[in-house]
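Structural description and commentary
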Amino acid sequence: MRIDLHTHSTRSDGTEPPAALVRAARDAGLDVVALTDHDTTAGWDEATDAARELGVELVPGLEMSTRFEHRSVHLLAYFVDPTDPGLATEMTKIVDGRTRRTPLLLEKLRAAGVDISAADIDAATPPGAVPGRPHIADAMVRLGVVPSRDAAFATWLGPGGKAFVRRYATALEDALDLVAGAGGVSVLAHPRGRGSAAVLDDRAITGLARRGLTGLEVDHQDHSDVVRRGLRSLADRLDLVVTGSSDWHGAGKADHDLGCNTTDPAQYARLRELAGVGR
Ligand code: AMP
Ligand code: FE
Ligand code: FE
Ligand code: ZN
């Protein structure tokens with residue numbers, strides 16, 4: 001059984017609609033795929049319908065924008081009730097923060113001599129998508145400012161970039177509570193990837209495990225073999241679930257092909273059990 005628990009559709013910054021994502025997952029030989037768009041569950045219905053049709057098992061998820069010790073940390077949440085008022089209110093707050101960031105970011109770009117309009121960004125953002133920097137990057141590529149999303153992040157949009165603007169994100173500890181309160185389980189996404197590696201040391205993760213964290217995304221393209229080994233033994237010590245996933249964004253992220261990392265079936269079974277699914 002091949003299981004991939006981290007992917008993005010056009011409901012956030014992926015380049016394929018949810019149904020096409022599920023089809024691509026089937027074509028890649030996956031039996032189970034999670035849809036984990038940034039800060040939204042809007043793709044779940046379409047993905048679930050496609051999964052039923054194609055005989056793929058769809059795991060409903062999302063990737064929450066959180067903050068821990070002033071750093072951005074991504075938290076994967078699975079099997080939550082999307083109508084839970086606490087979680088729904090917080091997701092609205094995060095999406096509002098994303099929407100408010102765009103004009104500020106465009107102002108910074110303009111000040112640096114890059115003239116991009118709100119209409120340019122709209123044209124690069126799929127309808128109904130939670131807006132993100134990748135859409136701004138896509139607009140910059142279209143206008144010939146940069147050759148790729150990567151280049152846009154390196155020079156302009158990433159931390160330290162000339163047009164970087166901080167936006168609202170939920171305190172990580174609160175996010176753990178919200179996910180649990182909504183009946184779901186939480187997994188730290190690429191904890192030793194760029195950004196969060198500096199703050200998510202073993203001690204910090206130990207504290208988060210005590211606070212209710214369910215698992216660690218150990219196998220991810222941002223992690224070297226050495227990093228994976230360290231995280232695996234930490235997860236073992238803390239009795240955390242270990243996942244492996246692609247973090248697929250369609251054409252939006254190179255070297256993240258569907259199924260390039262997978263989750264062990266026994267670990268997936270544990271994740272479901274801890275979420276109380278299938279009982
Ligand atoms: P945002 O959601 O606006 O905070 O933008 C962060 C998203 O941009 C991440 O989830 C990644 O998918 C994407 N991203 C971050 N760094 C890069 C990069 N160097 N190249 C392409 N995409 C990136
Ligand atoms: Fe993304
Ligand atoms: Fe992420
Ligand atoms: Zn992701």
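Preceding block: the structure.
Conventions and cut-offs
Residues numbered from 1 in each chain as written. Chains lettered and ligands numbered in written order. Predicted model: local features only at pLDDT ≥ 70, side-chain atom pairs only at ≥ 80, totals over all residues. Heavy atoms only, no water. Donors = N, O, S within 2.8 Å, 3.2 Å for Na, K, Ca; no water. Tetrahedral: all angles 85-135°; square planar, octahedral: opposite > 155°, others 65-115°. Helix = DSSP H or I, 4+ residues; strand = E, 2+ residues; numbered from the N terminus. Buried < 20%, exposed > 50% of the residue type's maximum accessible area, 1.4 Å probe, protein only.

A few points about the coordination of the zinc ion (ligand 4)
- Within the protein, the atoms that donate to the zinc ion (ligand 4) are His6 (NE2), His8 (NE2), Glu63 (OE) and Asp247 (OD), at distances of 2.0 to 2.3 Å.
- Taken together, the four donor atoms coordinating the zinc ion (ligand 4) and their angles of 78 to 169° define a geometry best described as irregular.
- All donors to the zinc ion (ligand 4) come from one chain, and their sequence spacing reads H-x1-H-x54-E-x183-D.
- A separation of 4.5 Å is found between the zinc ion (ligand 4) and the iron ion (ligand 2). Here the residue His6 occupies a position in the loop between strand 1 (3–4) and helix 1 (18–27), and Asp247 occupies one in the loop between strand 8 (241–244) and helix 10 (265–275), the gap between them amounting to 241 residues.

Quick word on the coordination of the iron ion (ligand 2)
- In this structure, Asp13 (OD), His38 (NE2) and His249 (NE2) serve as the protein donors to the iron ion (ligand 2), at separations of 2.1 to 2.2 Å.
- One chain supplies every donor to the iron ion (ligand 2), and in sequence these donors are spaced D-x24-H-x210-H.
- Between the iron ion (ligand 2) and the iron ion (ligand 3), a spacing of 5.4 Å is present. Note that His38 is positioned in strand 2 (residues 32–38) and His249 in the loop between strand 8 and helix 10, a separation of 211 residues in sequence. The pair His38 / His249 is uniform in exposure class, with both members buried.

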